[in-house]
Amino acid sequence: MQTTNGCPRHNGDALSTVDDLQNGACPSTANGQINGETDEVSPKIRSQVDKDIIRLIGQHLRSLGLNRTTEQLIQESGCRLDHPAAAKFQTHVMNGEWFKEMKFLLLEQKYLEHLENGHVLEALQCLRGELTPLKHNISRVHELSSYMMCSTGEELRGMSHWDGKGVLSRQKLMEKLQVYLPATVMLPPRRLQTLFSQALELQRDHCLYHNTKSTNSLENESLLIDHMCTKEQFPCDTVQVLNDHCDEVWFCRFSNNGQKLATGSKDSTVIIWDVDPVTLELSHRKTLEGHSYGLSYLSWSPDDNYLVACGRDDCSDLWVWNVETGNLRVKMNNSPEDSLTSCAWHKDSKKFVTGGTRGQFYQCDLDGNVLDSWEGVRVQCLQYRNDGKTVLAADTHYRIRGYNFEDLTDFNIIQEDHEIMSFTCDDTGRLAILNVATQGVHLWDLEDKVLIRKFQGITQGYYLIHSCFGGTSQVFVASGSEDSRVYIWHMKREMPIAVLTGHTRTVNCVSWNPTYPSMLASASDDGTVRIWGPSEQYRVKRKHRSQSPSSNTAV
């Protein structure tokens, strides 16, 4: 490349422009433009931060079509938005000007445009004579060659997931190419919006009560004030009290789609409730009867078609119910010496594991047939890992071990100093919360095998209490307590961010709705199930409420 006074001479070739930018060369100094700025920068603009802000504002104004305002900003400040060579490069791309030396992304666009225009020979020449000799991304070249079979432009766009010839696809190409250019040369696309989104995301991460689904869109957010959710938007108020059980309620669990709630009681019944997502209230769907003992554990199949019901320590039976029909699929009783008190489903919804503290540990099919068994494992609680092969089991030796039913191997994962009463994993399968006798709730990382946090506040003796993850992105942990309260923590805090009162006896189980994160259920020895939601001004009420919540307080 020829140079004049140490600076490259631009000949209008797009490749030359790219080379200039990649080599860090400056454009001609004839017009006094160096590093994207003119010689006559306003004396008010003294710092690099000020210059960067002006460039970002100018980029945003230009994206809105306010070109004259942008030019006036550039003229008054003396700061150009982009390196002049970058502007020339962008012009080549947006005008669809192609050269044989252009790199892979540019040639890919050229090839696709030829195909859409029906210029098959030109596309073939581009593929064989220009793309293939680059010897870059060979698998992509093979994929591009398959598009030759497309008979219409619509078929091509569908098969290639390409937007077609025009401004939109070229703009996306431009954004891909900008990755290779320094930000000092050409601003990254939508850089101002990106900075605002990052700032907002950081504020959400520090917001203790943020419990709504976050998006990258700034449309519904104000940039004039910091993001802050109030406690009134959090599930701290009793929306409804369910009194249909006639004895202690030992367990509650929302279905995986969040549309139903199952509750199990000492009265030997399971009740299925329908969820109203608007009012956050429940209606009685059906009662499942015929159990021999009180129901202490319930587990929904991943497809929500079946529900397994388990009894207490002296119960050797297990029931598999068809939720939709209310019919009993199977009553399992492998041995009168069994104690089937816990259950977990495989992700295919076709088999499950069950066990108890008398040393039984089975893998079964939907008809209750034992497929595999593990002898002598005294199980407190069970959970399938996401790999579909490994089962986690808390046992009477204060530990959680992994059991692989495919190769019949087992291994230690967690060791506690006190009895693990129950545990559950988050959706990723990496984190687990344990209710530990006399110690409270512990958060563990199962991959690194480290104790992350000990949550403070609850009263946990030797009663069986089931905690849960919940809220948006499962950043909250909730647990019942022997002091009749429900405790909620943010995963990053040891102290509770909310303490819910209303129950009058031990809270045995809590369940956070996986679909409607402002909805929480709790089951208690006082014979009731409470549904918690935001304060009244943040929820819709039915005109005629069949049940009125009793007084409650969020501390």
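From a predicted model like this one, the values you see are computed outputs, not experimental measurements.

A. Quick peek at the overall build of the protein. A tally of regular secondary structure across the protein gives ten helices and 31 strands. Counting all 555 residues of the protein, 50% fall into the buried class. Contacts spanning at least 24 positions in sequence make up 50% of the contacts within the protein whose residues lie at least 6 apart. With the model as given, the accessible surface of the protein reaches about 26700 Å², and the carbon-plus-sulfur share is 48%.

B. Molecular detail of the pairing of strand S18 (residues 399–404). Judged by how many residues are buried, S18 sits mostly within the fold: five of six residues are covered. Relative to S18, strand S17 (residues 390–395) is paired through five bridges, and the arrangement is antiparallel. Bridge pairing in S18 places Thr 390 opposite Asn 404. Taking the residues between adjacent antiparallel strands as the criterion, S17 and S18 are bridged by three residues, where Tyr 398 takes a positive phi near 65 degrees. Pairing of S18 with strand S19 (residues 409–415) involves six bridges; the strand directions are antiparallel. Paired with Arg 399 across the strands is Gln 415, a residue of S19. Taking the residues that link successive antiparallel strands as the turn, the S18-S19 hairpin has four residues, and the phi of Leu 408 there is positive, at about 55 degrees.

C. Up close: the sheet that holds strand S8 (residues 295–300). The antiparallel open sheet is built from four strands, whose spatial order is S8-S9-S10-S11. Looking at which strands have only one partner, the edges of the open sheet turn out to be S8 and strand S11 (328–332). If you compare each strand with its neighbour and ignore which way they point, the axes differ by 15 degrees on average.

D. Summary view of the pairing of strand S25 (residues 476–479). Burial along S25 is two-sided: Phe 476 and Ala 478 and Val 477 and Ser 479, pointing in opposite directions, are all buried. One ladder, built from three bridges, connects strand S24 (residues 468–470) with S25; its direction is antiparallel. For Gly 470, the partnering residue across the bridge sits in S25 and is Phe 476. Between S24 and S25, which pair antiparallel one after the other, the connecting turn spans five residues, and Gly 471 there sits at a positive phi close to 80 degrees. A loop of six residues connects S25 with strand S26 (residues 486–490), the two strands running antiparallel in sequence, and Ser 484 in this loop sits at a positive phi of about 75 degrees.

E. Highlighting the nonpolar core. Counting residues in hydrophobic clusters, the biggest one holds 46 residues, and the most contacted among them are Leu 261, Val 270, Ile 272, Leu 282, Leu 307, Leu 318 and Ile 531. Apart from the residues within four sequence positions on either side, Leu 307 is in contact with Ala 262, Val 270, Ile 272, Leu 288, Leu 298, Ser 299, Trp 300, Trp 319, Val 320, Trp 321 and Val 323. Formed by 18 residues, the second largest nonpolar core is a distinct cluster that contains Phe 234, Ile 497, Val 510 and Trp 512.

F. Quick look at the packing of helix H5 (residues 104–116) against helix H9 (residues 167–178). In the contact formed by H5 and H9, the axes pass within 10 Å of each other and the chain directions differ by 165 degrees. Judged by the angle between their axes, H5 and H9 are roughly antiparallel. Every pair of crossing elements has a handedness; the one defined by H5 and H9 is right-handed. Here Leu 105, Leu 106, Gln 109 and Glu 113 of H5 come into contact with H9, specifically with Ser 169, Arg 170, Leu 173, Lys 176 and Leu 177. Each residue belonging to the contact of H5 with H9 can be placed in one class, and the counts come to four nonpolar, two polar and three charged.

G. Main features of the pattern of salt bridges. Within this structure, the stated rule accounts for 20 salt bridges. With a closest N to O distance of 3.2 Å, Lys 110 and Glu 130 form a salt bridge. Here the residue Lys 110 occupies a position in helix H5, and Glu 130 occupies one in helix H6 (residues 120–131), the gap between them amounting to 20 residues. Considered together, Lys 110 and Glu 130 belong to a single accessibility category, that of buried residues.

Rules and cut-offs
- Per chain, residue numbering runs from 1 following the sequence as it is written.
- Local features in this predicted model are restricted to residues whose pLDDT is 70 or higher, and side-chain atom pairs enter the listing and the counts only when it is 80 or higher, whereas totals over whole chains, interfaces and linings include all residues.
- To get the side-chain values, take all heavy atoms of the structure and skip hydrogens and water.
- Secondary structure counts use DSSP, requiring at least four H or I residues in a row for a helix and at least two E residues in a row for a strand, with both numbered from the N terminus.
- Each residue is placed in one exposure class: buried if its accessible area under a 1.4 Å probe, protein chains only, is under 20% of its type's maximum, exposed if it is over 50%, and partly exposed if it falls in between.
- By definition in these notes, contact holds between two residues if any of their heavy atoms fall within 4.5 Å.
- Surface accessibility in these figures is a Shrake-Rupley result with a 1.4 Å probe; residues are shielded only by whichever protein chains are displayed.
- Being paired, for any two strands, means DSSP has found at least two bridges between them.
- Only the stretch in contact is used when fitting a helix axis, every axis being a line fitted to C-alpha atoms; angles between N-to-C directions are given from 0 to 180 degrees.
- Put simply, buried Ala, Val, Leu, Ile, Met, Phe, Trp, Tyr and Cys residues joined by side-chain atoms within 4.5 Å make one nonpolar core.
- Small angles under 35 degrees read as roughly parallel and large ones over 145 as roughly antiparallel, with 65 to 115 read as roughly perpendicular and the rest as oblique.
- Two helices crossing with the near one rotated counterclockwise from the far one by less than a right angle form a left-handed crossing, whereas a clockwise rotation gives a right-handed crossing.
- Ten residues, namely Ala, Val, Leu, Ile, Met, Phe, Trp, Tyr, Cys and Pro, are considered nonpolar, four, namely Asp, Glu, Lys and Arg, are considered charged, and the remaining ones, Gly among them, are considered polar.
- Salt bridges, as used here, are contacts in which a Lys or Arg side-chain nitrogen is within 4 Å of a carboxyl oxygen on Asp or Glu.

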